[in-house]
Amino acid sequence: MDIYIFGQQWVNGLVLGSTYGLIAVGYTMVYGIIGMINFAHGEIYMISAYLTAIFLALLGTFGLQSVPVVLVLVLLGTVLLTALYGWSVERIAYRPLRNSNRLAPLISAIGISLILQNYIRISQGARNQGVPPVIDGVWRIPANAVDQHFVQITHLQSLIVVTAFASMAVLTWIIHHTALGRACRATQQDRVMANLLGVDTDRIISVVFVMGAAMAAVAGMLVTLNYGSFDFYIGFLMGIKAFTAAVLGGIGSLPGAMLGGVVLGLAESFFAGFVNSDYKDVFAFSLLILFLIFRPSGFLGVPEVEKV
Amino acid sequence: MMTGEVPAAGDAPQPLLVVAGIGAGYGAIEALHGVSLEVYGGEIVALIGANGAGKSSLLMTVCANPPAKRGEIFFAGQAITRLPTHQIARLGIAHVPEGRRVFARMTVAENLAMGRVALSADGSRAAQQEDAAVLQHVYQLFPRLRERALQRAGTLSGGEQQMLAIGRALMARPRLLLLDEPSLGLAPQIMGRIFAALRTIAQAGTTIFLVEQNANQALQLADRAYVLVNGRITLSGSGQALLVSPEIRKAYLGGH
């Protein structure tokens, strides 16, 4: 095994995994609070890719030159508008079904997913879209003094990992140290009791959808800047990958989402690097199936709390 | 039918809580059939009845979870029948539900903080001082909670969880405290301590409406009581009177 390939797969896996983790947060939080898999979440991510491109183009026409300023403005705009999509989806498609059986919102989610895909396909066109590289620059870490091999980390890759972990840290802090976060956790543990105590639980559920969409938007922007191209269908694969990450980490667990994301990203990268890159998705979904069969609560999942 | 009528104002003392002809239940099954009762400010009122009589349904209906299908509920003269549950809590009705329902994966201190949600948090110095005073009062009432403040609620014993559920409700500085079977599953000694605490709470000016299967304990504590059988009120009177009533003794107090 060549050490430089090994090192490179660590880098690739970490970058990929941190974006999986960001998107997995949306699945895991929504599942935690209303016990439903939001299958439209991948489309929210897809929409954030389009919004990133639109904001980049918009700021370009205003002639903004400073890269950090552009990035911060694109991030703010993308996160805000994507969060609005997340909020609307919950209001329109899930809230009216709050007290129906579990299957109804699931079907509604699939419907919303198709609607969003086709809305983007029709309004933005079916062809592949792209954004120009905004950040270039690369670090090369020599792996071996004799030959010329090295491990390569682009500046953008390091930005992805740092931003992903910083966003997760902020979210975790909000959930654990603010009154809003406490109300979220209470609603997750016992929605009826939280409501009896005066928590407007419908509002808290909206907040959770907004938080999940915001994290997906951060991922959407970072991945779009990194790959440069996207289409209306990218939400599907990314969505089930992130869902896999959420299951691996233990669905319902916030740190589990990030851990599951990183583990899945690394596993996929190593498989692609050392076994076969064509079958990396097969490998990822085999992991999903194995976990669902043998360890459905994942790494950090909380087993169902028994009601006294 | 007694629906839709606000109790006449001007008459001396106005009840704090009026339940007027309530019909309620889940789905097609009706658990309550036209239940009416009143709770006056400063009173301790008990509702006793066997398992499945509809006692918990009544308390949940007062909190509009789910709302009554028929009848009206008034709190301090205001119709609350169809208000959302969280707004009813914010009017000053605190609920200690059946099974205590503490947030198991939160600390005791966090559980108590959740009780404050019902208060409009204006963040003023005076409000903060009052919050701190209420917390001290709760800790005085149940010193065990202070000792375990940083422990997860799920690790507490049943009695401690009951103390926490009551403490959490008190954090909202409620005008009316609803309690659903506070004695359920507790050792007699702990039960005595809980009931002593309820007496202290009532003396401090909080009105109490409690639902109990343990008729003996409840009737000793209560100023007045109602008996609920199959979703209907069959008897009412002072706690002392019901305690010596042959009917009650036969049905709920072991028959001697």
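Residues numbered from 1 in each chain as written. Chains lettered and ligands numbered in written order. Predicted model: local features only at pLDDT ≥ 70, side-chain atom pairs only at ≥ 80, totals over all residues.

A. Expanded view of unusual backbone geometry. Residue and element names in this part refer to chain B. With an omega of 0°, the peptide bond between Asn65 and Pro66 qualifies as cis. By the element assignment, Pro66 lies in the loop between helix 1 (55-62) and strand 4 (70-75). Within the chain, Arg101 stands out as a residue other than glycine whose phi angle is a positive 50°. Tracing the chain through its elements places Arg101 in the loop between strand 6 (93-96) and helix 3 (108-115). (Helix = DSSP H or I, 4+ residues; strand = E, 2+ residues; numbered from the N terminus.)

B. Just the packing of helix 2 (residues 41-61) of chain A against helix 9 (residues 234-249) of chain A, in detail. All names here are of chain A. The geometry of helix 2 relative to helix 9 is characterised by a closest axis approach of 7 Å and an angle of 130° between their N-to-C directions. Considering their axes alone, helix 2 and helix 9 lie oblique with respect to each other. Judged by the sense of rotation from one axis to the other, the crossing of helix 2 with helix 9 is right-handed. Contact residues: His41, Gly42, Glu43, Tyr45, Met46 and Ala49 in helix 2; Ile234, Gly235, Phe236, Met238 and Gly239 in helix 9. (Axes fitted to C-alpha atoms, helices over the stretch in contact; angles between N-to-C directions. Parallel < 35°, antiparallel > 145°, perpendicular 65-115°, else oblique. Left-handed = near helix turned anticlockwise from the far one by under 90°. Contact = placed C-beta atoms within 7 Å.)

C. The arrangement of the environment of Phe6 of chain A in detail. Here Phe6 of chain A shows up in helix 1 (residues 3-34). Sequence spacing of Phe6 of chain A and Leu222 of chain A is 216 residues, and the spatial spacing of their C-alpha atoms is 24 Å.

D. Seen up close, the environment of Val89 of chain A. All names here are of chain A. You can see Val89 is positioned in helix 3 (residues 67-94). A residue is classified by how many C-beta atoms lie within 10 Å of it, and Val89, with 24 of them, is buried. Apart from residues lying up to four places away in sequence, Val89 is in contact with Ala40 and Ile112. (Buried ≥ 20, exposed ≤ 12 C-beta atoms within 10 Å, placed from the backbone.)

E. Broad picture of the pairing of strand 4 of chain B. Residue and element names in this part refer to chain B. In terms of residue burial, strand 4 counts as a mostly covered element, since five of its six residues are buried. As judged from the five bridges shared by strand 1 (residues 15-24) and strand 4, these two strands associate in the antiparallel manner. Bridged to Leu17 within strand 4 is Phe75. Of the strand pairs in this sheet, strand 4 and strand 5 (residues 78-79) are connected by two bridges, and their pairing is antiparallel. For Phe74, the partnering residue across the bridge sits in strand 5 and is Ala79. From the end of strand 4 to the start of strand 5, which pair antiparallel, there are two residues, and Ala76 there has a positive phi angle of about 50°. (Pairing = 2+ DSSP bridges.)

F. The arrangement of the domain arrangement of chain B in detail. All names here are of chain B. Structurally, chain B comprises domain 1 (14-92 + 175-256) and domain 2 (105-174). Each of domain 1 and domain 2 was reduced to a C-alpha centroid, and the two centroids are 23 Å apart. At the junction of the two partners, domain 1 supplies 16 residues and domain 2 supplies 10 residues. Put simply, the parts of the chain that give the side of domain 1 that touches domain 2 at least two residues each are helix 2 (85-90), strand 7 (176-180) and helix 7 (188-203). Element by element, the count of residues in the side of domain 1 that touches domain 2 is highest for helix 7, at five residues. Each residue belonging to the side of domain 1 that touches domain 2 can be placed in one class, and the counts come to 10 nonpolar, four polar and two charged. (Domains from an automatic or database assignment. Nonpolar A, V, L, I, M, F, W, Y, C, P; charged D, E, K, R; others polar.)

G. Local environment of the sheet that holds strand 6 of chain B. Residues and elements named next belong to chain B. Spatial strand order, 6-7-8-3-9-10: six strands in an open sheet with mixed pairing. Where the open sheet ends on each side, the last strands, each with one partner, are strand 6 and strand 10 (232-238). For this sheet the average axis-to-axis angle between neighbouring strands, irrespective of direction, equals 15°. Judged from the five bridges that link them, strand 3 (residues 44-48) and strand 8 (residues 207-212) form a sheet pairing that is parallel. When the bridges of strand 8 are listed, Ile48 appears paired with Glu212.

H. Structural detail: the interface of chain A and chain B. Contact residues are listed per partner, giving 16 residues for chain A and 21 residues for chain B. For the side of chain A that touches chain B, the secondary structure elements donating two or more residues are helix 6 (179-189) and helix 7 (191-196) of chain A. Counting residues per element, the side of chain A that touches chain B draws most heavily on helix 6 of chain A, at five residues.

I. Geometry of the nonpolar core. Counting 165 residues, the largest nonpolar core has Val208 of chain A together with Ala46 and Leu178 of chain B as its most contacted members. The element that contributes the greatest number of residues to this core is helix 8 (residues 201-227) of chain A, accounting for 17 residues. Domain assignment of the residues forming this core places at least three in each of domain 1 (14-92 + 175-256) and domain 2 (105-174) of chain B. Setting aside chain neighbours within four positions, we find Val208 of chain A in contact with Met29, Val30, Ile33 and Cys184 of chain A. (Core = buried A, V, L, I, M, F, W, Y, C linked by C-beta atoms within 7 Å.)

J. Seen up close, the environment of Val39 of chain B. Residues and elements named next belong to chain B. Relative to the assigned elements, Val39 resides in strand 2 (residues 32-40). With 24 C-beta atoms packed within 10 Å, Val39 lands in the buried category. Sequence spacing of Val39 and Leu186 is 147 residues, and the spatial spacing of their C-alpha atoms is 27 Å. When neighbours within four sequence positions are excluded, Val39 is seen to be in contact with Pro15, Leu16, Leu17, Val45, Thr207 and Phe209.

K. Region of the structure containing the sheet that holds strand 4 of chain B. All names here are of chain B. Taken together, four strands build an open sheet; the order of strands is 2-1-4-5 and the sheet is antiparallel. The sheet is open, and its two edges are formed by strand 2 and strand 5, each paired on a single side. Relative to strand 2, strand 1 runs antiparallel, the two sharing seven bridges. Residue pairing for strand 2: Pro15 is matched across the bridge by Tyr40.

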